[in-house]
Amino acid sequence: MGGQVKFIQGNEACVEGALYAGLGFFAGYPITPSTEIAELLSARLPQKRGIFMQMEDEIASICAIIGASLTGSKSMTATSGPGFSLMQEALGFAVMAEIPCVIVDVQRGGPSTGLATKLSQGDVNQARWGTHGDHAIVALTASNHQDVFSITVDAFNFAETYRTPVILLFDEVLGHMRERLEIPQPGELPLVERLKTALPEGVDYHPYLPREDGRLPMSDFGGVHRYNVTGLFHDMWGFPSENPSIVYGLMRHLTDKIEHHVDDLTRYKEYYADDAETLLISYGSSARSALHVVMNRRQRGERLGLLELQTLWPFPSELVREKAKNARYVVVVEMNMGQVLQSVKSAVDRPDKVSLANQVDGTLITPTTILNILRIIQGRGV
Amino acid sequence: MGTREYIRERFFPHLWCPGCGHGIVLNGLLHAVENIGLKKNDIVMVSGIGCSARISGYLDFHTLHTIHGRALAFATGVKMSRPELTLLVPMGDGDALSIGGNHFIHACRRNIDITAIVMNNRVYGMTGGQYSPLSGYGTYATTAPYMNIDPDFDVVAVAKAAGATFVARSTTYHIKQLTDVLEAAILHKGFSVVEIMSQCPTYFGRKNKGGSASDMMEVFRTRTTPIASKEKAEDPSLIERGVFEDREAPEYCEEYHHIIERATKGR
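Residues numbered from 1 in each chain as written. Chains lettered and ligands numbered in written order. Predicted model: local features only at pLDDT ≥ 70, side-chain atom pairs only at ≥ 80, totals over all residues. Heavy atoms only, no water.

Looking at the pairing of strand 4 (residues 74–79) of chain A
Residue and element names in this part refer to chain A.
Right, so step 1: In terms of burial, strand 4 is largely enclosed, as six of its six residues are buried.
Right, so step 2: Burial along strand 4 is two-sided: the residues Lys-74, Met-76 and Ala-78 and Ser-75, Thr-77 and Thr-79 are all buried.
Right, so step 3: For strand 4 and strand 5 (residues 101–107), the ladder comprises four bridges, and the chain directions are parallel. By the bridge assignment for strand 5, Thr-77 is matched with Ile-103. (Buried < 20%, exposed > 50% of the residue type's maximum accessible area, 1.4 Å probe, protein only. Helix = DSSP H or I, 4+ residues; strand = E, 2+ residues; numbered from the N terminus. Pairing = 2+ DSSP bridges.)

Shown next, in the form of structure tokens:
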């Protein structure tokens, strides 16, 4: 640490993280509550000789960042729920064609236009299954600006390492709240640069032939290797194929390259989780309220703990199972109708010990509300 | 270098039907590229979805076969990142002007240096013959068994109105002109649109009693005319061919470069 200190919004912390990670291309379309990300980057990116574009809609935005990524640029777009819905088809293209990119969704209330200026965490499952077809996906979140910064850097690193789109699921409170951010010095956080093929011109380059470790070295558009990129199932040259063994092989590859690396992709924090009789599981801004409850009740000797998830997809089932194993009560604190709840129930030894403490009225769930719900769950009344 | 050098022979035969006009467009395009003397490493071809979109897979350029209607948006990202590359975007009529209509008009408006090629066969061929926004009132299609009541619009007029700085039209019958206008479009600095009337004997022809591929091309010969010809004056229903717009205007990538200069001034 010891870098520049700022007092800023979460959306700006995301911008700082993206620039630290080496963002070279941003395309977006205005939408509350994410717009500050575009505004800030319209000023900052040209200063670094990067590209900022305001496109005609969110579909064009995600398509443009995929195109830019193919030339070797680290690319990002930012939006909120309605725009994220529009991006789903192209998100699937990035999954299928294995194009690194980062998509920020600063969540607001939905469905539809919903609550444009209020928060929710209602897009967790849209991030997982919004695009059609079987696929694996990476979605990350954070609960404070220092973590927003570092998880944004992680998002770019994962995108490059796994050749995949990575979704950052923030929310309105996180995006607009102001707090302290200390920007790390250059080199303090590791950055993953794109793995590029070392094959010289004239040697047959197979853009979709994984190495032994499953990774696929890329070649920039405009470079010496010309190849095809398609959203169809494709062979090692990137040419369309309906051959069942090729189709199955690609489906397995796309799934396994993420699901087999859950440990590497898992980011989390824990507070008094080891001896917790009641374990809260939360993420994003609701984790702030959950943490407040835990700290407050611990001072009074209550065995309360918190597991804060920063990686939501792929879901860290083993981590959750392990941390929840000794807890009598597991309470998922989230601002939706129970989207992470289902994954937690699937992960733990006894699903019946898992309950939901949620709030879906567009306002942040407070520590008092969480505590009241806990008292009911624990059978101690409010 | 012959045009054969531009082809990925390993991926042939192509999937187009016998008599399809798209192969003629491909031929004209490759001759245009050869005439200009472009290097394969300097060309990025971006396409969407449909029969026309498959053109990209057959060519030994950097090729990006994307999703329906969005080719120009992907191409915009490539071009902005690497302005020195030549961007070719072949699209079908439905791809470019129905699902992709929004991206089309905004690419025209920005005047970004990309060549859009609209291979207009007035039908959705890949899905089996449904009407497109360019089929026109009174035509028949698998989704217009009683008659199509959707009016069409004029690609050239739309492109000009939206701000494209080079706009041309030709047909698969006029292979020399087709090659010439594509060459001029690629050389043009700014957003260029070339509409090429192409025949689909399999669907549009069959549904509209168009006859064989050569019958349909004969119609391109007899029902089109050079811009502002004597024939056009005598018969206004004739469709004009040629270059409708060719003007200079600030190109988007160059304008963005000025933004970088402003942003980095004094730094």
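Here's the deal with the domain arrangement of chain A
Residues and elements named next belong to chain A.
Right, so step 1: When the domains of chain A are assigned, the result is domain 1 (1–195 + 204–265) and domain 2 (269–377).
Right, so step 2: Measuring from the centre of the C-alpha atoms in domain 1 to the corresponding centre in domain 2 gives 27 Å.
Right, so step 3: Facing the 30 residues of domain 1 at the interface are 25 residues of domain 2.
Right, so step 4: Run the count over domain 1 and domain 2 and you get two salt bridges.
Right, so step 5: Residues Arg-288 and Glu-179 are paired through a salt bridge, measuring 2.9 Å at the closest nitrogen-oxygen approach.
Right, so step 6: Where domain 1 packs against domain 2, one counts 19 residue pairs in polar contact (both at pLDDT 80 or more).
Right, so step 7: When residues of the side of domain 1 that touches domain 2 are traced back to their parent elements, those giving at least two are helix 6 (124–129), strand 6 (138–140), helix 7 (145–162), strand 7 (165–171), helix 9 (244–259) and helix 10 (262–265).
Right, so step 8: Ranked by the residues each element gives to the side of domain 1 that touches domain 2, the list is headed by helix 6, at four residues. (Domains from an automatic or database assignment. Contact = heavy atoms within 4.5 Å. Salt bridge = Lys/Arg side-chain N within 4 Å of Asp/Glu carboxyl O. Polar contact = N/O pair within 3.5 Å; in protein donor to acceptor, adjacent residues only side chain to side chain.)

Focus: unusual backbone geometry
All names here are of chain A.
Right, so step 1: A cis geometry characterises the amide bond from Thr-32 onward to Pro-33, with omega recorded as 5°.
Right, so step 2: As for its position among the elements, Pro-33 is in the loop between strand 2 (23–28) and helix 2 (35–47).
Right, so step 3: Residues Gly-110 and Pro-111 are joined by a peptide bond in cis, for which omega reads 10°.
Right, so step 4: Examined against the element boundaries, Pro-111 turns out to sit in the loop between strand 5 and helix 6.
Right, so step 5: A positive phi angle, near 55°, is found at Ser-112, a position not held by glycine.
Right, so step 6: Residue placement: Ser-112 occurs in the loop between strand 5 and helix 6.

Comments concerning the packing of aromatic side chains
Right, so step 1: Inspection of every chain in the model, using the stated rule, returns twelve aromatic pairs over all chains.
Right, so step 2: Measuring from centroid to centroid gives 5.4 Å for A:Tyr205 and A:Tyr227, while their planes differ by 80°, and the two rings are edge-to-face. Residue A:Tyr205 is located in the loop between strand 8 (178–182) and strand 9 (228–230), and its partner A:Tyr227 is located in the loop between strand 8 and strand 9; the two are separated by 22 residues in the primary sequence.
Right, so step 3: Judged by relative accessible area, which is 7%, A:Tyr205 ranks as buried.
Right, so step 4: Overall, A:Tyr227 belongs to the buried group, its relative accessible area being 3%.
Right, so step 5: Here the aromatic rings of A:Phe239 and B:Phe11 are separated by 3.7 Å at their centres, their planes lie at 5°, and the arrangement is stacked. One end of the pair, A:Phe239, is in the loop between strand 9 and helix 9; the other, B:Phe11, is in the segment before helix 1 (22–36), on a second chain. (Phe/Tyr/Trp six-rings, centres within 6.5 Å; stacked < 30°, edge-to-face > 60°.)

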